[in-house]
2 protein chains.
Amino acid sequence: MRELKPPARPLEPDGATLRDWLGQTGRKLGAFLDGLPDQPAAQLTGSRRIAQVFAGPAPEAGTPLRRLLSLLVDRVAPVALNTAHPGYLGFIPGGGLPQSALADLITGVLNRYTGLWMPAPGLVQLEIQAIRWLCTAVGYPEDDRCGGILTSGGSLANLGALVAAREHHLGENFGDGVVFVSAQTHHSVAKAARVVGLRRDQLVPVACRPDFTMDPAALSAAVAAARQAGQRPFLVVASAGSTATGAVDPLAAIADRCAAAGLWLHVDGAYGGCFALTDRGRAALAGLARADSITLDPHKGLFLPYGTGALLVRERARLRAAFTEGASYLPAGSEDADHWDFADLGPELSRPPRGLRLWLPIQLHGLGAFRAALDEKLDLARSAAEALCALDHVVLVSPPTLSLFTLQGRPPGVAGPALDAHQRRILRDTNQRGRVFLTGATVGPPGPARFVIRVCVLSFRTHQAQIDALVADLGAAIATQTAAPGAQAGTGRGTTSAGASGPSRRSSQ
Amino acid sequence: MRELKPPARPLEPDGATLRDWLGQTGRKLGAFLDGLPDQPAAQLTGSRRIAQVFAGPAPEAGTPLRRLLSLLVDRVAPVALNTAHPGYLGFIPGGGLPQSALADLITGVLNRYTGLWMPAPGLVQLEIQAIRWLCTAVGYPEDDRCGGILTSGGSLANLGALVAAREHHLGENFGDGVVFVSAQTHHSVAKAARVVGLRRDQLVPVACRPDFTMDPAALSAAVAAARQAGQRPFLVVASAGSTATGAVDPLAAIADRCAAAGLWLHVDGAYGGCFALTDRGRAALAGLARADSITLDPHKGLFLPYGTGALLVRERARLRAAFTEGASYLPAGSEDADHWDFADLGPELSRPPRGLRLWLPIQLHGLGAFRAALDEKLDLARSAAEALCALDHVVLVSPPTLSLFTLQGRPPGVAGPALDAHQRRILRDTNQRGRVFLTGATVGPPGPARFVIRVCVLSFRTHQAQIDALVADLGAAIATQTAAPGAQAGTGRGTTSAGASGPSRRSSQ
């Protein structure tokens, strides 16, 4: 046998090299963390220029880490919405716990395969346990029947729920199946429906009440109408904190209707579901535990970095039935009450281990620290809404049922498109002050489509100081813009800046 | 306004705390790296015991990092298939570059949102550029029309291709569409087909030739038969290195047939596609660049830790057409030749940034280092196959077209189920020696279903020393088991160990 030498440029770092890299990276990222409060909450000037840095073919030779770190952290990262910033109140924040980033480091170096139980029993069980903690948080029974899977985010969690409901109720022939949604349903549901093969007309909108929550009576009427038309209703998607307005659908009443009609209830709690850890959240989300499936986004409600959603189900067997590739040549998996094969609970066979980035921060700090942080967000949002509504020409459009509320600045005599343009000017003015970052959304029905300013308090780094800045800066922007010529009725001179007033699609992170 | 104090147990580490954590973690992971060669390639004794460590509710109070690191790295990680080990030759290895783990650390601390271009233009462009490097690697034209998206793995890359082909060729009503696969097609394709709403009878198997490659003539016949039956053929899924045998379908001939019949050609190169970076790989994969879409798994062929697949497409516009939620109320995105919104190219709106874990290792070492490592794997696999086939009673079942080959130990007079059991005993014997880890697969048709021993050389840590160990240990196991009573014809006394001889489903990581 020929003896082959390893390549001259080995890819393997030894322990000392890894420690050196981590030392360099720690110094750079430590400075990033310490400098966060002094950075703007968003900085989009120079976007095209910074993007051009990355043009060109793959390098044949290497570059020292020091130079790459400087490029990434000092030059590239700042030109962005500063989604790690304490004053970031746009879209749905989360902040990104560095503890989870540490977990990802460990996960990657260990490089265990966790798609099945057998190859890495400890790390899979850690992930199972983290999912069970989430099941407990939403109020699922403490039995072995519930369960779920961690996903890359809410989009794929919603997709998994659609497939599980479709397979459970309809099987392979689902052309006459109908899903009920509302105007507040996150558009990832419509997208997932298309991906999993539902036609657009198989999504039926249910009317909302004036507070943007789904009307249970309208739901029942829509279900009856679909049945009369020969269709097969099988799924209702309710929102536990909608992205646009923060509205929480009446989950208990919807669960009643679903039970009566034999429909699968999926609750999209990507934004709001994790508030079930708090007493007030649990009250606002009453009925949540009756859902057949629930989407959570720990990268929102538990402050993880982007990349971790969760699909929870009351009956794990239904998820398994939908996602196990049951060909006769395949063996039985490890699955029993205590040992799950994640490959049988979702569409991914190869996937990154996602458990440690959730488990480690909870172990390091205790769930109590998360509960306290979520309670603080509820307090901060209420406090902010109260202070802002005390200002002249400010109208609350949707209240902080959880930690998200919407408002409009309404100068006398301004309406229609001019009023929308006024909100966009206020947003841009506020954001240009640099201490907080807000986004807007177009809402309605019910009512005409109108643009509102959103405030979402959900980063672990957001505290009273940022709320003070919000009230001061948004208040000043409202005053300035109300006094400006553009606020005159009917002039409509506002310009739209995508960065400052991202439209509804962008409110959906 | 009330003044709220931050919670007593803050979740925010400052820079010094992060550096301290990274110091502790670096020492522990550095020792892990340095100790890898002395660990066994797999260690599954104690699986149930280690899993029990994680029982119990979420802790209310925290635990110091030191104790958690010790638990994870010293106690939990070793009880597993050691997928980071240099002697790991089972399933499809990759090894898990610590450089990517470092990238994940950076990504998580920065916590930028990269689902759309605008919020983090630099980091999105970095990911776009990494995808373009992959497009170049597979031979796609150097124009602005091709593109793609990084996924969590090959499963979701294949799913994306199915959706794009379905939408492009069939639209919303696809009940009469037909997809052509072979017995070597990875089962994630069948699973993805089910997820995206295709009935099982919409997957049509095409016969393979004796070398396990798809027969182009049989493909043409199957397409014609489907059309005659009133169905709509729209997609062919070819394999560029199948998981079970390493077979590379005749891509150029299949591309000819697809072009003639107007079908979408998807090539699943999850295992083998990255070899296109080498001269020999490019020759073996001739025709790859004619595919409409290609799946790669950089967590295999570019040695990344689990969690990064890639879907590449010749026409990015087709991916965008399939995945853009085109409701009238949504704004135009940032998309143009140079600026892509990943949310419009796949099913995920929220998703982790996946670019840096691919970009950083290539920048640190240069693509040349990867090319050299892949070339080394080709050499090692050929060398191993040659040495093993020189042994008595060893028959090569499929050759190392790339770096994966299969063989059987065939003692005289042993056949049928007893021969399968013999392979399983050889596998278990080999694996128990601890220096390498192998898995098997059931193959056929063509020919009867039979169990074969697989060797897949793909970790960056695997060098000549591990091939020497493979040849010595597998050779000794073959000799031992051939001499053992169990190898007598017809006794069939072999037992199956899931750990030692994972069946075909498990050969699909």
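As the structure is a computational prediction, the values presented were derived from the model and not from experiment.

S.K.: Would you take a moment to explain the interface of chain B and chain A for this structure?
M.R.: The accessible area lost on association of the parts is a frequent measure of interface size. Counting residues at the interface gives 175 residues for chain B, matched by 177 residues for chain A. Summing both sides of the interface, chain B and chain A together bury roughly 15000 Å²; the carbon and sulfur share of this comes to 64%. Our enumeration of links across chain B and chain A arrives at six salt bridges. The closest approach of N and O atoms between Glu60(A) and Arg371(B), which form a salt bridge, is 2.8 Å. Scanning the region where chain B abuts chain A turns up 60 residue pairs in polar contact (both at pLDDT 80 or more).

S.K.: Any chance you could explain the nonpolar core here in plain terms?
M.R.: Nonpolar side chains tend to gather and get buried jointly when the protein is soluble and globular. One finds Phe180(A), Leu312(A), Trp359(A), Leu360(A), Leu312(B), Trp359(B) and Leu360(B) to be the most contacted residues of the largest nonpolar core, which totals 264 residues. Residues within four places of Trp359(B) in sequence aside, it is in contact with Phe54(A), Leu68(A), Leu71(A), Leu72(A), Leu126(B) and Trp133(B).

S.K.: Would you mind going over the sheet that holds strand S10 (residues 394–398) of chain A with me for this structure?
M.R.: Sheet strands associate in pairs through backbone hydrogen bonding, adopting either a parallel or an antiparallel arrangement. Residue and element names in this part refer to chain A. Spatial strand order, S10-S11-S13-S12: four strands in an open sheet with antiparallel pairing. Each of the sheet's edge strands pairs with one partner strand only, and the pair in question is S10 and strand S12 (439–443). Averaged over all pairs of adjacent strands, the angle between strand axes in this sheet comes to 40°, irrespective of strand direction. Two elements, S12 and strand S13 (residues 450–456), share five bridges in a ladder whose sense is antiparallel. Each residue of the ladder has a partner; that of Gly440, found in S13, is Ile453. Of the strands in this sheet, S10 and strand S11 (404–409) are in contact with helix H14 (residues 367–389), which crosses S11 at around 10°.

S.K.: Looking at this model, I keep getting lost on the packing of aromatic side chains. Mind explaining?
M.R.: Remark: the centre distance and the inter-plane angle together describe each pair of aromatic rings, the angle taken between the planes. All names here are of chain A. Overall, the coordinates contain 14 aromatic pairs over all chains when judged by the stated rule. Seen in terms of ring centroids, Phe303 and Phe460 are 6.1 Å apart; in terms of plane orientation they differ by 55°. Their pairing is tilted. In this pair, Phe303 is assigned in the loop between helix H11 (298–301) and strand S9 (309–313) and Phe460 in the loop between S13 and helix H16 (464–483), connecting sequence segments 157 residues apart. The two residues Phe303 and Phe460 agree in class, both being buried.

S.K.: When you look at the relation of the copies chain B and chain A in this model, what are you seeing that I'm missing?
M.R.: Relating one copy of the chain to the other requires a rotation about an axis plus a shift along that axis. Superposing chain B onto chain A requires a rotation of 180° together with a translation of 0.0 Å along the rotation axis, leaving an RMSD of 0.0 Å. Such a combination of turn and shift is consistent with a two-fold rotation axis. No C-alpha of chain B lies nearer the rotation axis than that of Val196(B), which sits 1.9 Å from it.

S.K.: Before we go on, may I ask you to explain helix H4 (residues 98–110) of chain A in this structure?
M.R.: Since there are 3.6 residues in each turn of an α-helix, residues three or four apart along the chain are aligned in direction. All names here are of chain A. Taking 1.5 Å per residue, 13 residues should reach 18 Å; H4 reaches 19 Å between its end C-alpha atoms and fits that length. Here H4 lies mainly inside the structure; 13 of its 13 residues are buried. Positive phi shows up at Asn111, right after H4, with a value of about 50°.

S.K.: I would appreciate a short explanation of the packing of helix H7 (residues 187–195) of chain A against helix H12 (residues 316–323) of chain B in the present structure.
M.R.: Packed helix pairs are specified by the crossing angle of their axes together with the interaxial distance, meaning the distance between the axes. Interhelical geometry of H7(A) versus H12(B) gives an angle of 115° and a closest axis separation of 9 Å. By the angle between their axes, H7(A) is roughly perpendicular relative to H12(B). Counting all contacts with H7(A), which are made through Lys191(A), Arg194(A) and Val195(A), the residues of H12(B) involved are Ala321(B), Ala322(B) and Phe323(B).

S.K.: Sorry if this is basic, but what is going on with helix H7 (residues 187–195) of chain B here?
M.R.: Residues and elements named next belong to chain B. Within H7, nine of the nine residues are buried, which leaves the element mostly enclosed by the surrounding structure. Residues of H7 that are buried include every one of His187, Ser188, Val189, Ala190, Lys191, Ala192, Ala193, Arg194 and Val195, and no others. Where H7 ends, the next residue or the one after it, Gly197, has phi of about 95°, a positive value.

S.K.: For this particular structure, what's the right way to read the packing of helix H3 (residues 65–76) of chain A against helix H13 (residues 356–365) of chain B?
M.R.: Taken N-terminus to C-terminus, the directions of H3(A) and H13(B) make an angle of 140°; their axes are 10 Å apart at the nearest point. Crossing of H3(A) against H13(B): the hand is right-handed. Residues Leu65(A), Leu68(A), Leu71(A) and Leu72(A) of H3(A) form the contact with H13(B), whose own contacting residues are Leu356(B), Trp359(B), Leu360(B), Gln363(B) and Leu364(B). Among the residues forming the contact of H3(A) with H13(B), the class breakdown is eight nonpolar, one polar and no charged.

S.K.: Sorry if this is basic, but what is going on with the pairing of strand S12 (residues 439–443) of chain B here?
M.R.: Side-chain direction in a regular strand flips from residue to residue, so the side chains alternate between the two faces of the sheet. The buried fraction of S12(B) amounts to four of the five residues, a majority that puts the element mostly inside the structure. Hairpin connection from S12(B) to strand S13 (residues 450–456) of chain B: six residues lie between these consecutive antiparallel strands, with Gly444(B) at a positive phi of about 95°.

S.K.: What exactly am I supposed to notice about unusual backbone geometry here?
M.R.: What you tend to see is this: most non-glycine residues have negative phi, and most peptide bonds are trans. Residues and elements named next belong to chain A. Of note, the bond from Gly444 into Pro445 is cis; its omega dihedral lies within 30 degrees of zero at 10°. Within the secondary structure, Pro445 sits in the loop between S12 and S13. The phi dihedral of Asn111 falls on the positive side, at around 50°, and the residue is not glycine. With respect to the helices, strands and loops of the structure, Asn111 is situated in the loop between H4 and helix H5 (121–138).

S.K.: Can you help me understand the pattern of salt bridges in this one?
M.R.: A side chain of one charge can pair with a side chain of the opposite charge if their charged atoms are brought near each other. Residue and element names in this part refer to chain A. Applying the stated criterion across every chain, the model contains 44 salt bridges over all chains. A salt bridge links Asp176 to Arg232; the shortest N-O distance between them is 3.1 Å. Placement of Asp176 in the loop between helix H6 (154–169) and strand S4 (177–182) and of Arg232 in strand S6 (residues 232–239) is noted, with a sequence separation of 56 residues between them. Owing to a relative accessible area of 31%, Arg232 belongs among the partly exposed residues under this scheme. Sharing partners across several salt bridges, the network here consists of Glu127, Glu348, Arg351 and Arg354.

S.K.: Is there a simple way to think about the sheet that holds strand S9 (residues 309–313) of chain B in this case?
M.R.: All names here are of chain B. What the seven strands build is an open sheet, ordered S3-S9-S8-S7-S6-S4-S5; its pairing is mixed. The two strands at the open ends of the sheet, each matched to only one other strand, are strand S3 (147–151) and strand S5 (203–206). For this sheet, the mean angle separating the axes of adjacent strands, direction not counted, is 20°. Bridge analysis of S3 against S9 gives five bridges, and the strand direction is antiparallel. Bridge pairing links Thr151 to Gly309 in S9.

S.K.: Quick question: what am I supposed to make of the side chain of Ser293(A) here?
M.R.: Residues and elements named next belong to chain A. Among the secondary structure elements, Ser293 is positioned in strand S8 (residues 293–296). Among the polar contacts made by the side chain of Ser293, one reaches the side chain of His266 at a distance of 2.8 Å. Once residues within four sequence positions are removed from consideration, Ser293 is found in contact with Tyr140, Ala161, Trp264, Leu265, His266, Val267, Leu311, Leu312 and Val313.

S.K.: What exactly am I supposed to notice about empty space enclosed by the protein here?
M.R.: It is the rolling of a water-molecule-sized probe over the atoms that shows where space remains empty. Counting across every chain of the model gives 15 cavities of 30 Å³ or more. A volume near 320 Å³ is recorded for the largest cavity. Looking at the largest cavity, it is lined by 25 residues, and the ones nearest its centre are Asp104(A), Pro352(A), Asp104(B), Pro352(B) and Arg357(B). Of all the secondary-structure elements, those providing two or more residues to the lining of the largest cavity are H4 of chain A together with helix H4 (98–110) of chain B.

S.K.: For this particular structure, what's the right way to read the environment of Ala477(A)?
M.R.: Residues and elements named next belong to chain A. Residue position: Ala477 is located in helix H16. Take Ala477: its relative accessible area is 0%, and that puts it in the buried class. Remark: the alpha-carbon pair of Ala477 and Asn431, spanning 46 residues in sequence, is separated by 9.2 Å. Not counting chain neighbours up to four residues away, the residues in contact with Ala477 comprise Ile426, Asp429, Thr430 and Arg433.

S.K.: What am I meant to see in the environment of Leu438(A) here?
M.R.: Within the secondary structure, Leu438(A) sits in the loop between helix H15 (416–432) and S12. Sequence separation between Leu438(A) and Leu203(A) is 235 residues, and the spatial gap between their C-alpha atoms is 31 Å.

Reading guide: rules and limits
- Residues numbered from 1 in each chain as written.
- Chains lettered and ligands numbered in written order.
- Predicted model: local features only at pLDDT ≥ 70, side-chain atom pairs only at ≥ 80, totals over all residues.
- Heavy atoms only, no water.
- Contact = heavy atoms within 4.5 Å.
- Buried area = accessible area lost by both parts, 1.4 Å probe.
- Salt bridge = Lys/Arg side-chain N within 4 Å of Asp/Glu carboxyl O.
- Polar contact = N/O pair within 3.5 Å; in protein donor to acceptor, adjacent residues only side chain to side chain.
- Core = buried A, V, L, I, M, F, W, Y, C linked by side-chain atoms within 4.5 Å.
- Buried < 20%, exposed > 50% of the residue type's maximum accessible area, 1.4 Å probe, protein only.
- Pairing = 2+ DSSP bridges.
- Helix = DSSP H or I, 4+ residues; strand = E, 2+ residues; numbered from the N terminus.
- Axes fitted to C-alpha atoms, helices over the stretch in contact; angles between N-to-C directions.
- Phe/Tyr/Trp six-rings, centres within 6.5 Å; stacked < 30°, edge-to-face > 60°.
- Least-squares fit on C-alpha atoms with pLDDT ≥ 70 in both.
- Expected span 1.5 Å × (residues − 1).
- Parallel < 35°, antiparallel > 145°, perpendicular 65-115°, else oblique.
- Left-handed = near helix turned anticlockwise from the far one by under 90°.
- Nonpolar A, V, L, I, M, F, W, Y, C, P; charged D, E, K, R; others polar.
- 1 Å grid on protein atoms, 1.4 Å probe; cavity = no way out; pocket = protein on both sides within 12 Å on 5 of 7 lines; lining within 4 Å.
- Points joined across faces, edges and corners; volume = space filled by probe spheres on them.

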